[in-house]
Amino acid sequence: MSQETLSNLLQENRRFAPPPELAASANVTAQTYEEAAADRLGFWERQAERLTWAKPWNEVLDWSNPPFAKWFVGGELNVAYNCVDRHVEAGLGDRVAYHWEGEPGDTRTLTYADLQREVAKAANALLELGVRKGDRVAIYLPMIPELPISMLACARIGATHSVVFAGFSAEALRTRIADAQAKVVITADGQNRRGKHAALKPTVDDAVASTPDVEHVLVVRRTGQEVAHHERDVWWHDLVERQSTEHTAEPHDAEHPLYILYTSGTTGKPKGILHTSGGYLTQVAYTHHAVFDLKPETDVYWCSADIGWVTGHSYIVYGPLANGATSVIYEGTPDTPHQGRWWEIIEKYKVTLFYTAPTAIRTFMKWGEEIPARHDLSSLRLIGSVGEPINPEAYVWYRERIGAGRCPVVDTWWQTETGGIMVSPLPGVTEGKPGAAMRPLPGIVADVVDDQGQSVPNGGGGFLVVKEPWPSMLRTIWGDDERYVKTYWSRFEGMYFAGDGAKKDDDGDFWLLGRVDDVMLVSGHNISTTEVESALVSHPKVAEAAVTGATDPVTGQAIVAFVIPRGNAGADVDGEEFVAELRDHVAKTLGPIAKPRQIMVVPELPKTRSGKIMRRLLRDVAENRSLGDVTTLTDSSVMDLISTKLPSAK
Ligand code: 6R9
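Residues numbered from 1 in each chain as written. Predicted model: local features only at pLDDT ≥ 70, side-chain atom pairs only at ≥ 80, totals over all residues. Heavy atoms only, no water.

Draft legend 1. Region of the structure containing the overall build of the protein chain. When helices and strands are tallied, the protein chain shows 20 helices and 30 strands. Its C-alpha atoms give the protein chain principal-axis dimensions of about 70 × 60 × 50 Å. Counting every position in the protein chain, which comprises 650 residues, the buried fraction comes to 64%. Of the contacts formed within the protein chain by residues at least 6 apart in sequence, a portion of 72% connects residues at least 24 apart. In the form shown here, the protein chain has an accessible surface area of approximately 23,200 Å², with 48% of it arising from carbon and sulfur atoms. Of note, the protein chain has its 65 positive side-chain charges centred 2 Å away from the centre of its 86 negative side-chain charges. (Helix = DSSP H or I, 4+ residues; strand = E, 2+ residues; numbered from the N terminus. Buried < 20%, exposed > 50% of the residue type's maximum accessible area, 1.4 Å probe, protein only. Contact = heavy atoms within 4.5 Å. Areas by Shrake-Rupley, 256 points an atom, 1.4 Å probe, with all protein chains shown as cover. Lys, Arg positive; Asp, Glu negative; His and termini not counted. Charge placed at Lys NZ, Arg CZ, Asp CG, Glu CD.)

Rendered as structure tokens:
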């Protein structure tokens with residue numbers, strides 16, 4: 001972004017107060033903000049007491065060598081014990097930890113007692129394979145119970161896991177295995193994707209052909225498809241099933257590395273984000289309790305994310321299990337075998353708390369509101385969003401069509417790097433605004449600053465920063481302290497730079513405006529892609545929109561938009577008239593400066609596996625360049641579909 005601050009174009013006046021019953025019994029009240037502000041470290045210390053520690057800490061935070069933080073110094077705990085065993089010891093062994101639903105319709109129920117046995121067996125199996133405390137284990141599994149079981153087994157013995165999305169290419173997997181020097185890879189023969197079997201094992205064979213550190217590949221049989229067998233391979237059902245269900249969990253240091261998770265970034269090699277144990281578990285447990293108002297005795301919680309994304313790590317595995325929650329895990333895609341599959345799952349398990357991404361919500365808008373309307377979603381009491389800014393119209397659709405106009409929506413801002421939720425409404429406290437992530441949570445000190453690092457006044461726009469260390473912050477980039485300092489702590493003195501644009505409204509509430517790299521500079525104005533996309537989505541015929549800046553001889557950059565029409569938009573959505581209508585709609589909503597130069601109607605948008613729109617690929621298209629790296633795309637054929645829509649290709 002240049003000197004100029006981000007233009008603040010979108011006006012949104014709708015407000016939604018917390019439901020009175022929820023407010024009356026909410027886990028967290030308004031007072032907590034004050035308590036945490038008065039004594040931040042004392043606040044986090046109280047949250048750490050949610051966990052069971054083998055040895056108490058002697059210092060809450062060591063920040064003597066910034067930006068390298070140590071939380072709960074001297075404390076010791078076992079993360080897996082905290083997520084599983086202690087609930088069994090407390091007499092909750094029969095409580096369901098996971099209702100698992102496979103794509104083909106097979107199911108498995110794991111109580112906390114079941115999970116304890118499974119994790120112990122997997123931990124014993126890893127030990128038999130020679131995995132020791134401090135070793136790294138790569139996990140390349142679909143959304144099956146063996147995935148959380150493997151993660152917890154690693155945590156239990158103090159091995160650091162590195163989960164890689166099942167579906168990433170052999171090359172993406174190879175670089176991640178090599179960077180972490182993983183000793184063992186856990187995978188499956190294949191996975192179910194849209195009613196078909198997609199092989200995984202050949203990708204692993206390919207990747208480990210050139211990663212000499214890998215001693216064993218542990219293979220779960222999921223689809224039953226043929227796989228090649230190498231000497232290093234061992235079947236899960238041979239090795240794990242014969243292990244003892246007893247394993248004593250040793251305590252590990254609060255700062256013991258729990259996991260590495262790679263974020264792709266736009267350039268350069270992927271960054272291995274390192275999370276440790278005590279602070280991480282404290283913040284994910286607290287935020288899951290506070291933001292979702294979790295009542296573990298009665299709630300059924302479902303986060304639809306893939307566990308290969310940080311959202312799955314923190315809010316399918318560690319946070320919910322630390323809190324003794326009952327969760328749903330679903331293996332497949334939302335349209336298999338039909339477009340109502342998710343709503344069927346909510347109805348079947350009587351899900352009360354639901355957490356998904358804007359990309360999914362916009363897809364459902366595209367498919368049409370009659371699909372969720374066929375299902376009984378009345379069990380829901382709170383719905384959440386994560387991953388991208390939620391457009392106000394998508395928020396309102398979500399609240400009305402899924403939440404029956406009754407459930408509060410929590411729009412949660414955070415990152416792989418932050419480990420846990422940072423900015424979010426509190427469902428019993430905050431009056432929600434469609435499109436706003438609202439306020440930093442209690443105990444979090446975040447702000448919006450200008451390019452000099454000065455806090456912007458209400459009404460201003462700039463960069464989102466975090467001004468004080470937080471328990472679940474990344475500790476470094478695996479093997480590259482220098483890059484950690486340079487990427488996150490060098491843009492503004494003494495502050496964590498998140499890389500996101502944001503604005504404060506007149507009440508001081510935060511609105512996230514997308515990655516700073518995506519901000520467009522049009523005739524000297526910084527315009528966020530998010531606001532133009534939200535304006536497009538507010539047109540009744542648009543389900544989804546992606547906006548990018550393309551070089552323009554007159555305006556520097558010009559706005560180019562790609563839109564997906566809603567299911568009920570009718571047949572006239574491909575013509576010039578529709579495009580003209582949309583351009584005018586944006587000009588009316590945001591002002592003439594934001595009017596797109598060009599709008600293309602497309603059937604799909606390029607997205608990462610976690611559902612984020614890859615605007616840089618659209619910029620390549622808009623500027624007639626050959627495409628950059630497409631290895632993290634969910635479906636690379638999407639780009640061909642889009643290219644055929646280009647005027648030049650017609
Ligand atoms: C959890 C996760 C992080 C980036 C982040 C931002 C975007 C996530 C958001 C949001 C606006 C929200 N993001 N949640 N933007 N509102 N509620 O998504 O982690 O995959 O590392 O991505 O996602 O741009 O910087 P990660």
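Draft legend 2. Expanded view of the site of the ligand. If you check the shell around the ligand, you find 17 residues, and the closest are Trp309, Asp411, Thr412, Thr416 and Asp500. Measuring from a nitrogen atom of the ligand, one finds a backbone N or O atom of Pro389 at 3.4 Å. Separating an oxygen atom of the ligand from a side-chain N or O atom of Gln415 is a distance of 2.9 Å. Protein contacts shield 93% of the accessible area of the ligand, which totals 530 Å² for the unbound molecule. Those elements that provide at least two residues to the shell around the ligand are helix H11 (310–322) and strand E25 (510–515). Each residue belonging to the shell around the ligand can be placed in one class, and the counts come to seven nonpolar, five polar and five charged. (Near = heavy atom within 4 Å. Polar contact = N/O pair within 3.5 Å; in protein donor to acceptor, adjacent residues only side chain to side chain. Nonpolar A, V, L, I, M, F, W, Y, C, P; charged D, E, K, R; others polar.)

Draft legend 3. Layout of the nonpolar core. Counting residues in each nonpolar core, the largest one holds 134 residues, and the members touching the most others are Leu152, Phe292 and Tyr318. Ranked by residues supplied to this core, first place goes to helix H6 (residues 146–157) with eight residues. Listed in part, the 56 residues of the second largest apolar core include Val396, Tyr398, Ile402 and Leu582. (Core = buried A, V, L, I, M, F, W, Y, C linked by side-chain atoms within 4.5 Å.)

Draft legend 4. Molecular detail of the sheet that holds strand E21 (residues 446–449). With respect to topology, four strands assemble into an open sheet ordered E21-E22-E24-E25, the strand pairing being antiparallel. Edge positions in the sheet fall to E21 and E25, since each has one partner strand and no second. Taking each pair of neighbouring strands and ignoring which way they run, the sheet shows an average axis angle of 45°. The pairing of strand E22 (residues 461–466) with strand E24 (residues 496–504) spans five bridges and is antiparallel. Bridge pairing in E24 links Val465 to Phe497. Lying on the sheet, helix H17 (residues 529–537) is in contact with E24 and E25; it crosses E25 at an angle near 105°. (Pairing = 2+ DSSP bridges. Axes fitted to C-alpha atoms, helices over the stretch in contact; angles between N-to-C directions.)

Draft legend 5. Seen up close, the pattern of salt bridges. In the structure shown here, the tally under the stated rule is 46 salt bridges. Note that Arg341 is salt-bridged to Glu344, the shortest N-O span being 3.8 Å. Here Arg341 pairs with Glu344, and both are found in helix H12 (residues 341–349), just three residues apart, close to one helical turn. Here Lys433 and Asp509 are joined by a salt bridge, their closest N and O atoms 2.7 Å apart. Linking Lys433 in the loop between strand E20 (409–411) and E21 with Asp509 in the loop between E24 and E25, this pair joins segments that are 76 residues apart in sequence. By the burial criterion, Lys433 is buried, and Asp509 matches it. Sharing partners across several salt bridges, the network here consists of Arg362, Glu388, Asp518, Glu533, Glu544, Lys607 and Arg615. (Salt bridge = Lys/Arg side-chain N within 4 Å of Asp/Glu carboxyl O.)

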